[in-house]
Amino acid sequence: MTGPVLEIAVYKIADADTFDRIQQQTHTLAQQLPGFRRWTHLSDGPARTDLVEWDDHAAAQAASKTFMEAAEFAPFREAITEIQAFVHFPLKGEIRFGG
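Residues numbered from 1 in each chain as written. Predicted model: local features only at pLDDT ≥ 70, side-chain atom pairs only at ≥ 80, totals over all residues. Heavy atoms only, no water.

This paragraph deals with the overall build of the protein chain. Counting secondary structure elements, the protein chain contains 3 helices and 4 strands. The order of helices and strands in the protein chain, counted from the N terminus, is β-α-β-β-α-α-β. Structurally, the protein chain occupies a C-alpha span of about 40 × 30 × 20 Å along its principal axes. The 99 residues of the protein chain split such that 35% are buried. Sequence separation of at least 24 residues holds for 70% of the intrachain contacts in the protein chain that already meet a minimum separation of 6. Both charge centroids of the protein chain, one from 9 positive and one from 14 negative side chains, sit 4 Å from each other. (Helix = DSSP H or I, 4+ residues; strand = E, 2+ residues; numbered from the N terminus. Buried < 20%, exposed > 50% of the residue type's maximum accessible area, 1.4 Å probe, protein only. Contact = heavy atoms within 4.5 Å. Lys, Arg positive; Asp, Glu negative; His and termini not counted. Charge placed at Lys NZ, Arg CZ, Asp CG, Glu CD.)

See below:
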């Protein structure tokens, strides 16, 4: 896959206050990973969704490996109680409605 990739992670957390602090620290670390473009956080209490855009599939895969193995991402991993979905999709463009 070439071109930008959107990573979608849907998960649950136990403690929102603690997680929000950890997520901010993790976001700062993620910005330093090769191919990082942007990270959008969505939340509804313990239900969370992250939309992360990467330059390409290789960058997304490498970042996933780093998130799962690197010690600096351990607090983020440990704060998640359930992963409901984790997928990568190639970005093909946008569809805009209205004027």
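Below, the discussion takes up the side chain of Q23. For Q23, the location among the structural elements is in helix α1 (residues 16-30). Overall, the relative accessible area of 6% leaves Q23 in the buried class.

For the structure shown, the criterion picks out 5 salt bridges. Between E53 and R38 there is a salt bridge; the shortest N-O distance is 2.7 Å. One end of the pair, E53, is in strand β3 (residues 47-54); the other, R38, is in strand β2 (residues 36-44), and 15 residues separate them in sequence. A single salt-bridge network, built from bridges that share partners, covers R37, R38, E53 and D55. (Salt bridge = Lys/Arg side-chain N within 4 Å of Asp/Glu carboxyl O.)

None of this, on its own, says anything about what the molecule does.
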